[in-house]
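Below, each chain spelled out in residue letters.
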Amino acid sequence: MDKKIISIYMGNPDNSNHAELELPATPWELVDAMDRLRLSEGQEPYWQVEDLGRYDFLAIHLDKCDLYQFNALAEKLRTFGDVDAIAFEGLVQMEIDELTVQRLLNLAYSTDCCHVVPEVRDDAALGRFYVENDFLPELEKV
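Everything numeric in this text was worked out from a predicted model, so none of it was measured.

Visitor: Give a description of the packing of helix H2 (residues 67–78) against helix H4 (residues 101–108) that names residues and reports values.
Guide: Orientation of H2 relative to H4, taken along the N-to-C sense of each, is 15°, at an axis distance of 10 Å. Between H2 and H4, the interaxial angle falls into the category roughly parallel. When you trace H2 past H4, the crossing you get is left-handed. Residues Gln69, Phe70, Ala72, Leu73 and Lys76 of H2 form the contact with H4, whose own contacting residues are Val101, Gln102, Leu104, Leu105 and Ala108. Residues that form the contact of H2 with H4 fall into these classes: seven nonpolar, two polar and one charged.

Visitor: An account of helix H5 (residues 123–132) is needed here, citing residue identities and associated values.
Guide: Structurally, the start of H5 carries an N-cap: the backbone nitrogen of alanine 124 is 3.3 Å from a side-chain oxygen of aspartate 122. Just beyond H5, the residue with positive phi is aspartate 134, at close to 55°.

Visitor: Can you break down the state of the cysteines residue by residue, with the values?
Guide: As enumerated under the stated definition, the model contains zero disulfides in all. With no disulfide of its own, cysteine 114 lies 6.7 Å from the sulfur of cysteine 113, the closest cysteine sulfur. The exposure class of cysteine 114 is partly exposed, given its relative accessible area of 31%.

Visitor: Account for the packing of aromatic side chains, naming residues and giving values.
Guide: With the rule as written, the count across this model stands at five aromatic pairs. For the ring pair tyrosine 55 and phenylalanine 88, a centre distance of 6.3 Å and an interplane angle of 65° mean the geometry is edge-to-face. Remark: phenylalanine 88 occurs in helix H3 (residues 82–94) and tyrosine 55 occurs in the loop between strand S3 (46–51) and H2; sequence separation between them is 33 residues. In this pair, the class of tyrosine 55 matches that of phenylalanine 88, namely buried. An aromatic cluster is present here, built from Tyr55, Phe57, Phe80 and Phe88 joined pairwise through their rings.

Visitor: Describe unusual backbone geometry, listing the residues and the values that go with them.
Guide: Along the chain, leucine 23 connects to proline 24 via a cis peptide bond; the corresponding omega equals 5°. As for its position among the elements, proline 24 is in the loop between strand S2 (18–23) and helix H1 (27–37). The residue arginine 38 is not glycine, and still its phi comes out positive at about 50°. Looking at the secondary structure, you find arginine 38 in the loop between H1 and S3.

Visitor: Pulling in residues and values, what's your account of the pairing of strand S1 (residues 6–11)?
Guide: In terms of burial, S1 is a largely internal element, five of the six residues being buried. Joining the antiparallel neighbours S1 and S2 is a turn of six residues. Relative to S3, S1 runs antiparallel, the two sharing five bridges. Note that in S3 the partner of glycine 11 across the bridge is tyrosine 46.

About the criteria used
- Residues numbered from 1 in each chain as written.
- Predicted model: local features only at pLDDT ≥ 70, side-chain atom pairs only at ≥ 80, totals over all residues.
- Heavy atoms only, no water.
- Axes fitted to C-alpha atoms, helices over the stretch in contact; angles between N-to-C directions.
- Helix = DSSP H or I, 4+ residues; strand = E, 2+ residues; numbered from the N terminus.
- Parallel < 35°, antiparallel > 145°, perpendicular 65-115°, else oblique.
- Left-handed = near helix turned anticlockwise from the far one by under 90°.
- Contact = heavy atoms within 4.5 Å.
- Nonpolar A, V, L, I, M, F, W, Y, C, P; charged D, E, K, R; others polar.
- Polar contact = N/O pair within 3.5 Å; in protein donor to acceptor, adjacent residues only side chain to side chain.
- Disulfide = S-S within 2.5 Å.
- Buried < 20%, exposed > 50% of the residue type's maximum accessible area, 1.4 Å probe, protein only.
- Phe/Tyr/Trp six-rings, centres within 6.5 Å; stacked < 30°, edge-to-face > 60°.
- Pairing = 2+ DSSP bridges.

And the structure:
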């Protein structure tokens with residue numbers, strides 16, 4: 001399971017030093033990228049996402065995101081199969097508040113609590129699924 005799922009570009013805001021990094025990155029890859037930037041003590045790197053792959057819906061939630069927490073999220077996303085990825089996207093879309101990376105991590109670790117039905121793609125299909133599987137007991141005698 002060595003797949004990288006997100007690409008980022010990192011730069012030093014004070015000079016032209018930069019690095020490209022594939023996430024999730026190992027601690028040594030993160031250290032190496034930071035060394036290439038030659039940041040001053042206490043200075044934070046500038047970074048931006050270049051490619052989110054199948055997780056492009058996360059783009060609007062990544063402003064002011066901590067790089068190390070974002071790497072932890074990428075590490076969890078790397079473990080996802082298709083069902084978990086669908087469940088995660090659904091959980092993110094259900095949120096109405098502004099999402100922090102901490103909340104995204106919580107949602108990523110909550111996909112096992114979701115039931116994904118691949119053939120349900122709209123409200124009508126969801127209604128049929130509910131009726132066919134007796135989720136609405138008041139319709140049993142109809």
